[in-house]
Amino acid sequence: MRHALLLLMALALHPLALDAQEPGFSPDPQSAYPTSLTGRWINEFYFAQPGQTPRQYWQIIELLSDGSTRHSYFSRNPTAQPATPYTSIISNWQAGSFIDPQVGKSTLSVIRLKPNQQINYDVNRNQFQHIRGNFGAQFRRYALSPDGATLTLSELVVLEVPGNIVISFPPTARDMIFSRMFTQPSAVAPTSWGRIKQIR
């Protein structure tokens, strides 16, 4: 009788073991590059160095269906006048879910970013500095509005550390609201790359 009870318990627990998922990131099984997210998104924010008055800045994230993305920062409104980004970060991206390693935490919708190049512009020297490398993965929690017009993204966070160790999503990560750019902004002039300094 005891052996029969143990067998029944094992059979009852077996489906739960099959359904259990390991903590960490998993790409969206339908599409890691959903069309609902692809496109250009813009956000305005204020930033100040210690002791300085906050200044307004703009950032544009372009998510492409081929899995590449460019995240550009501007000191002038790129939709109102020609503007060159002072920094651009080029990455590969995937949409998916993140299962927190801490018991009781919910599953989050996240975008995984794997940067491979950063481009900095020195306006005084008219010089672009390219920094290439195999940078670690970073993540953003995201939420898309029902009408697809706004995308809420968290700050960049690190959820994977060396040794394939998964850590919890930090509760202090701030959210930013991006608006979809439905048309290509004609005010952004084609980039003249000037003099390029390579850093490896």
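Parameters and conventions
Residues numbered from 1 in each chain as written. Predicted model: local features only at pLDDT ≥ 70, side-chain atom pairs only at ≥ 80, totals over all residues. Heavy atoms only, no water. Pairing = 2+ DSSP bridges. Helix = DSSP H or I, 4+ residues; strand = E, 2+ residues; numbered from the N terminus. Buried < 20%, exposed > 50% of the residue type's maximum accessible area, 1.4 Å probe, protein only. Contact = heavy atoms within 4.5 Å. Core = buried A, V, L, I, M, F, W, Y, C linked by side-chain atoms within 4.5 Å. Salt bridge = Lys/Arg side-chain N within 4 Å of Asp/Glu carboxyl O. Polar contact = N/O pair within 3.5 Å; in protein donor to acceptor, adjacent residues only side chain to side chain.

Structural notes on the pairing of strand β6 (residues 107-122)
When a strand is regular, its side chains alternate between the sheet's two faces.
Stage number 1. Bridge count for strand β5 (residues 87-99) against β6 is 13 bridges, and the pairing is antiparallel. Residue pairing across strands places Phe-98 opposite Leu-108, the latter belonging to β6.
Stage number 2. When β6 meets strand β8 (residues 138-144), the two strands line up antiparallel, connected through four bridges. Among the inter-strand pairings, Val-110 is bridged to a residue of β8, identified as Arg-141.
Stage number 3. Here β6 pairs with strand β7 (residues 127-132) via six bridges, running antiparallel. In the sheet register, Gln-117 faces β7, and the bridge partner there is Arg-132.

Here we look at unusual backbone geometry
Stage number 1. Of note in the backbone geometry, Asn-126 takes a positive phi value of approximately 50 degrees without being a glycine.
Stage number 2. Its place among the elements puts Asn-126 in the loop between β6 and β7.
Stage number 3. Overall, the relative accessible area of 39% leaves Asn-126 in the partly exposed class.

Examining the environment of Ile-167
Stage number 1. Looking at where Ile-167 falls in the secondary structure, it is placed in the loop between β11 (165-166) and β12 (175-181).
Stage number 2. Along the chain, Ile-167 and Ile-99 lie 68 residues apart, while their C-alpha atoms are 9.9 Å from each other.
Stage number 3. Not counting residues within four places of it along the chain, the set of residues in contact with Ile-167 comprises Phe-98, Pro-101, Val-158, Leu-159 and Val-161.

Some details on the nonpolar core
Stage number 1. Leu-37 and Ile-111 are the most contacted members of the largest nonpolar core, which has 13 residues in total.
Stage number 2. If we skip the residues at most four places from it in the chain, Leu-37 touches Leu-63, Trp-93, Ala-95, Ile-111, Tyr-142, Leu-144 and Leu-151.
Stage number 3. One finds Phe-25, Leu-159, Phe-169 and Ala-173 within the second-largest nonpolar core, a separate group that totals ten residues.

Some remarks on the pairing of β5
Stage number 1. Where strand β1 (residues 24-27) lies against β5, four bridges are found, and the strand directions are antiparallel. Counted as the bridge partner of Gly-24 is Ile-99 from β5.
Stage number 2. Looking at chain direction, strand β4 (residues 68-74) and β5 are connected through six bridges and run antiparallel. The residue of β5 that forms the bridge with Tyr-73 is Thr-87.

Description of the pattern of salt bridges
Stage number 1. Summed over the entire model, instances satisfying the criterion amount to five salt bridges.
Stage number 2. Salt-bridge contacts for Glu-62 lead to Arg-40; the nearest nitrogen and oxygen are separated by 3.5 Å. Of this pair, Glu-62 sits in strand β3 (residues 55-63) while Arg-40 sits in strand β2 (residues 39-47); the two residues are 22 residues apart in sequence, bridging distant segments of the chain.
Stage number 3. Here Arg-40 falls in the buried class, since its relative accessible area comes to 14%.
Stage number 4. A salt bridge links Arg-174 to Glu-155; its shortest N-O distance comes to 3.0 Å. Taken as a pair, Arg-174 in the loop between β11 and β12 and Glu-155 in the loop between β9 (150-154) and β10 (160-161) lie far apart in primary sequence, 19 residues in all.

Notes on the side chain of Ser-88
Stage number 1. By secondary structure assignment, the location of Ser-88 is in strand β5.
Stage number 2. Owing to a relative accessible area of 3%, Ser-88 belongs among the buried residues under this scheme.
Stage number 3. Separated by 2.9 Å, the side chains of Ser-88 and Ser-72 make a polar contact.
Stage number 4. Not counting chain neighbours up to four residues away, the residues in contact with Ser-88 comprise Arg-70, His-71, Ser-72, Gln-117, Gln-118 and Ile-119.

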